[in-house]
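Geometric and topological summary
Spelled out from the first residue to the last, the chains are:
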Amino acid sequence: HTGDGKKNFVDVEVTSFSVSDNWVMGVTKIRHTYDRPFFGKDKNIYPVGYKYEAATGAALDANQPFTHTPWTAEFSGCCRWESSLDGNKNKPYKVITHLDMTDRDNSPAARTMPIITVPQAATTNGADQPRFFVAAKDQLVAGSQAPTGMSGGTSNYDDDNSASAPLTYKIATAEDLDLVGSYTPYARIVIEDSNTGKLTIATNTSAGALAVGYYQAAVRVDSCTARSGFRPVCRGGTVIDFMVRVVPNGANNDGRMPVPVNSAGALFTGDARARETKFGWVGYKMSAHVRIDNPRNNMLVLNYVFAGLTVEGSSSAQPGAVQYSMSEMSHQGLPSGAHLFSTGVGAVSEMAVSFDNPFAAHRPGHDAAMNKEKFDYTSAPGAKALWDDGYRPVLKPRHAMDLIKPTAIDSTISLAAFDMNAGTGGAAVYLWLKRSDTEPAVTELAISHCESEETTFEASGFTVLPQNVNEQSKSTSVVKVWYKKGTGPAITDVTLVDEAVDTQICNSSKTTINICGGTSVGMQSMPFAKCGSKTLVPGNLNFGANQPLLNGRGVFMYAEYAPDSHLRRVLEWTPQVAGHFIFCYAGSEPVNSAISSTQRCIDLDVKVDPAPLFDVLLPLNTSMGKILTFIISYVDINHPDEQVHITQATTGLNLAGAKFVGAPSLTVLNERFIRTAQKVEWFPDATYGGFKGDICYTGMDEVACIDTAGFADSAGHMCHDYVADGRCSNGAFVPAGETAAAKLANAHGVHAGHACCACGGGVSFRQAQATTGCVNITVERCQWYVQTEDTLIQVAARFATNWLQIWHFNPTIMHPDSALPPNTLINIGHLYEVEPNDAMAVLADRFGTTIKHLQMNNWDLAHMPAAMLPLHKSICVIPNSCVTAVNVQRDVAV
């Protein structure tokens with residue numbers, strides 16, 4: 001119901017659902033045009049100090065200030081849930097919002113999970129009662145900017161226009177819902193902070209523990225315009241209607257419930273247990289850790305909702321998006337540019353493959369891992385670079401990493417690294433792992449043996465290591481390793497097993513692998529299903545289709561997974577629009593959703609990247625010959641992907657010989673902003689006396705991403721080739737011919753998306769902006785700053801005069817052969833104040849010099865018409881006493 005007599009039946013597009021909690025969440029959009037901006041007049045108001053005089057009563061009435069009655073739109077239905085325990089079961093429900101389009105064109109937007117699970121408190125202490133937040137935002141302002149109204153919800157009264165209108169929260173009453181007699185707010189759910197939306201529910205009091213079950217709650221969010229002379233009036237209300245599920249505090253009330261922890265694994269304290277705020281910028285990646293521990297050591301799945309004003313979640317997979325397992329579908333889809341990744345302590349975050357031609361391969365009687373006539377891959381190319389980048393090879397069983405010497409890695413890596421191509425007459429092939437506690441982790445591994453499997457893995461979102469594990473072997477099959485960074489448990493270790501050698505490593509039962517769908521003997525392998533606690537990755541790294549020489553020499557891969565009772569995720573998001581967004585989450589056991597953490601929300605404040613802010617400089621003064629140094633600085637956002645590039649602007653004056661000294665320096669001002677400062681050095685030569693003007697510089701923010709040096713993919717293409725070929729679209733690569741995974745990685749498995757900034761995610765949403773700022777510089781006339789070993793003769797030559805003149809202008813120089821003290825000022829001429837009727841030609845004639853000489857010693861005269869000499873202007877004159885002037889005396893009228 002829109003409030004003006006119109007009504008609509010609602011078709012809802014489901015954006016989230018939870019099978020275990022039996023709810024769905026959806027969105028509907030209804031377009032409606034009102035015939036006036038608000039419903040009508042509410043009442044006259046008489047603000048203190050306000051007066052209006054009119055000649056007639058009609059004019060007075062027409063200008064009488066009054067408040068508005070807003071439109072009231074509602075969504076309603078017959079029946080609340082029959083199993084709720086709050087006294088409102090089977091009663092009607094109504095969600096309302098108020099609209100006054102003179103004050104704002106929308107009501108506040110509010111988000112929360114539909115059902116918030118809380119445990120029965122362990123004690124009756126108030127501090128132990130569960131707390132959570134519901135989040136809302138005024139849609140008229142971007143990010144966390146303070147909201148304001150427009151009209152203040154009044155007419156004929158301008159003093160409250162554009163006044164502060166902060167959001168406030170209150171428990172909705174029956175009157176707020178227009179359900180008098182049909183709704184009673186549940187008394188144990190109260191607002192603890194009316195400014196932030198913090199709520200508490202008393203689940204354990206002196207009357208006993210609150211019964212396990214569901215309780216309905218409604219919170220009204222208002223936008224209240226401050227009034228001058230009368231009380232604030234809240235007109236822009238909206239209602240958040242949700243349910244609170246009370247569950248036992250762990251199995252048998254033992255207190256062991258899942259709980260959010262911080263990035264270090266420690267419990268949150270205070271309000272951080274339920275809410276945190278992060279800020280970001282459009283086009284720049286932001287991230288947040290999502291971690292929940294289950295003391296019961298049972299598996300957890302993540303339930304969440306991601307919502308905002310301009311981003312509607314979608315359950316459909318976006319191109320390149322993470323695919324979620326069926327056990328983790330209780331969520332709203334992520335917006336474009338957002339991904340959830342798993343993390344883990346010591347988790348595998350990157351993988352790579354390298355080749356080798358070790359010396360041992362050439363020994364007589366060796367297993368001929370490398371034909372001695374071939375010298376490809378000698379000295380283990382790429383191994384040292386991988387080691388220096390933090391990668392480490394997977395080792396042979398019962399071998400230690402210290403056998404490999406980083407300073408002699410080319411000759412020692414074969415002593416301990418596992419060769420995935422062992423016994424096949426091919427290159428030695430090593431698998432490398434890079435670990436991290438915080439970076440997105442590898443969660444799935446796969447092995448392909450044919451094109452059909454490659455197609456399947458690529459379609460499933462896997463990334464390939466492009467090297468053929470059977471490189472130069474007897475096998476004609478191409479075997480590759482694939483990995484995915486998803487939302488399952490992180491892989492923390494990988495073990496490789498050669499079944500012909502490492503017979504005692506695994507002792508579980510065996511399983512059969514049908515490779516590429518084949519069932520013949522040559523298309524099957526029978527490895528151990530488990531290797532200790534590690535799980536088999538289906539596939540044979542030593543596979544050769546129907547090649548008996550390879551049969552019986554299987555090399556198999558086993559993966560160790562992090563405990564699934566410790567849920568570790570990283571939310572990474574490159575926002576595409578500014579706004580205020582909410583990510584609320586909880587972790588629950590899939591087989592018993594009552595074992596759940598309480599909702600925790602991350603408030604994401606996203607703003608448009610501002611233009612760099614110029615730091616204003618005071619005017620600067622110097623003299624000819626004295627080096628002037630100053631700092632040009634700009635303040636911009638503090639993000640590793642952005643930097644400010646400072647150049648001299650085309651506007652303003654030019655300083656010949658001015659140069660930047662050293663690299664720009666960076667000073668972090670706070671979490672959000674950083675200062676970029678560039679030192680400038682300038683030597684004013686003998687022509688700059690009398691210089692005065694603005695020197696301007698431009699600071700442009702730009703992406704600080706740098707293409708990986710020497711990157712080339714498997715086809716030899718470099719980053720710029722993708723741009724030149726037009727294969728960058730919406731921040732992603734568009735491969736031609738080959739599969740994306742095979743095309744876009746180099747010999748070390750570095751993906752082009754990480755190596756080439758030209759297609760980097762989010763870049764297309766950034767706005768490169770420039771700000772020009774100026775500094776005013778003055779160079780004193782008729783003074784020279786003495787340089788080391790300067791003499792009167794040298795100084796005179798600079799100014800096209802003779803040493804006698806310079807000596808004459810400096811009476812403190814007692815002897816013409818005296819050494820001039822460096823770093824001191826000496827006079828090189830006489831200051832003359834322009835009088836009426838003076839012109840450069842007149843002055844040149846009078847002082848026995850030339851116009852050119854006057855201009856040479858007065859920078860500003862050289863840059864103005866010769867006939868233009870401002871009255872009373874001070875200029876530098878070096879008279880030539882050896883020339884007889886025609887007019888050495890001037891007639892002065894009396």
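Our structure's up above, just so we're on the same page.
From a predicted model like this one, the values you see are computed outputs, not experimental measurements.

**Some points on the overall build of the chain**
Regarding its fold elements, the chain presents eleven helices and 53 strands. By the burial criterion, 47% of the 894 residues in the chain qualify as buried. In the chain, of all internal contacts separated by at least 6 residues, the share reaching a separation of at least 24 is 72%. In the form shown here, the chain has an accessible surface area of approximately 41500 Å², with 54% of it arising from carbon and sulfur atoms.

**Structural notes on the side chain of T622**
Its place among the elements puts T622 in strand 42 (residues 620–624). If sequence neighbours within four positions are ignored, T622 has contacts with L628, P684, T778, V779 and E780.

**Regarding the pattern of salt bridges**
Across all of its chains, the model carries 29 salt bridges by this definition. Put simply, D222 and R220 hold a salt bridge, and the shortest N to O gap is 2.6 Å. In this structure, R275 and D603 form a salt bridge, with 3.1 Å as the shortest nitrogen-oxygen distance. Taken together, the residues R275 in strand 21 (residues 275–281) and D603 in strand 40 (residues 600–607) connect sequence positions 328 residues apart. Of the residues examined, D603 reaches a relative accessible area of 5% and is grouped as buried. By sharing partners, the salt bridges in this structure join R131, E192, K198 and D271 into a single network.

**Quick look at unusual backbone geometry**
Unlike most non-glycine residues, A800 shows phi in positive territory, near 55°. Residue placement: A800 occurs in the loop between helix 8 (792–798) and helix 9 (803–808). Despite not being glycine, H872 has its phi angle at roughly 70°, a positive value. Locating H872 in the fold gives a position in the loop between helix 11 (851–856) and strand 53 (874–877).

**Comments concerning the sheet that holds strand 22 (residues 286–293)**
The pairing of strands in a sheet happens through backbone hydrogen bonds and is either parallel or antiparallel. The sheet built from four strands is open, its strands ordered 20-22-37-24 with antiparallel pairing. At either end of the open sheet lies a strand with only one pairing partner, and these are strand 20 (259–260) and strand 24 (338–342). Note: strand 20 against strand 22, two bridges, orientation antiparallel. Bridge pairing links P260 to I292 in strand 22.

**Describing the pairing of strand 46 (residues 673–682)**
Of the pairings in the sheet, the one linking strand 43 (residues 628–637) to strand 46 comprises ten bridges and is antiparallel in character. From the neighbouring strand, I631 faces strand 46, where its bridge partner is K679. The pairing of strand 45 (residues 659–668) with strand 46 spans seven bridges and is classified as antiparallel. Bridge assignment links T667 to a residue of strand 46, and that residue is R675.

**Here's the deal with the packing of aromatic side chains**
Here the distance between the centres and the angle between the planes together describe a pair of aromatic rings. Summed over the entire model, instances satisfying the criterion amount to 28 aromatic pairs. Ring centres 5.5 Å apart and planes at 80° place the aromatic pair F39 and W71 in the edge-to-face group. Highlighted residues: F39 in the loop between strand 2 (23–27) and strand 3 (40–44) and W71 in strand 5 (residues 71–77), separated in sequence by 32 residues. The class for W71 is buried, based on a relative accessible area of 2%. Here a set of aromatic residues connected by ring pairs shows up, and it is made of Y304, F306, W573, F581, F583 and Y585. In this structure, R36 is placed above the aromatic ring of F39, and the distance from its NZ or CZ to the ring centre is 5.6 Å. Here the basic side chain of R600 rests over the ring of F268, its NZ or CZ set 3.7 Å away from the ring centre.

**Side note on the sheet that holds strand 43**
Taken in spatial order, the four strands of this open sheet run 41-43-46-45, and their pairing is antiparallel. A strand with exactly one partner marks an edge of an open sheet, and here the two such strands are strand 41 (613–614) and strand 45.

**Digging into helix 4 (residues 451–459)**
Considered for burial, the residues of helix 4 that qualify are E453, E454 and F457. Angular distribution of buried residues about the axis of helix 4 spans 105°; they occupy a single face of the element. Among the exposed residues of helix 4, those pointing more than 90 degrees away from its buried face are E451, T455 and A459. Residues of helix 4 that are buried in the fold lie against strand 28 (444–448) and strand 30 (480–484). Remark: G461 follows helix 4 within two positions and exhibits a positive phi of approximately 90°.

**Observations regarding the state of the cysteines**
Scanning the model with the defined rule gives six disulfides in all. A disulfide bridge connects C450 with C516, and the sulfur atoms are separated by 2.2 Å. Measuring the twist about the S-S bond at about -125°, one finds the C450-C516 disulfide to be left-handed. Separated by 66 residues along the polypeptide, C450 in the loop between strand 28 and helix 4 and C516 in the loop between strand 32 (513–514) and strand 33 (524–525) bring together distant segments of the chain. Here C506 is linked by a disulfide to C531, with a sulfur-sulfur distance of 2.0 Å. The S-S bond linking C506 to C531 shows a torsion near -80°; that makes this disulfide left-handed. On the criterion of sequence distance, the pair formed by C506 in the loop between strand 31 (491–498) and strand 32 and C531 in strand 34 (residues 530–531) is long-range, its members being 25 residues apart. Grouping residues by exposure puts C506 and C531 together as buried.

The rules behind these values
- Residues numbered from 1 in each chain as written.
- Predicted model: local features only at pLDDT ≥ 70, side-chain atom pairs only at ≥ 80, totals over all residues.
- Heavy atoms only, no water.
- Helix = DSSP H or I, 4+ residues; strand = E, 2+ residues; numbered from the N terminus.
- Buried < 20%, exposed > 50% of the residue type's maximum accessible area, 1.4 Å probe, protein only.
- Contact = heavy atoms within 4.5 Å.
- Areas by Shrake-Rupley, 256 points an atom, 1.4 Å probe, with all protein chains shown as cover.
- Salt bridge = Lys/Arg side-chain N within 4 Å of Asp/Glu carboxyl O.
- Pairing = 2+ DSSP bridges.
- Phe/Tyr/Trp six-rings, centres within 6.5 Å; stacked < 30°, edge-to-face > 60°.
- Lys NZ or Arg CZ within 6 Å of the ring centre and 35° of its normal.
- Arc of directions from axis to C-beta.
- Disulfide = S-S within 2.5 Å.

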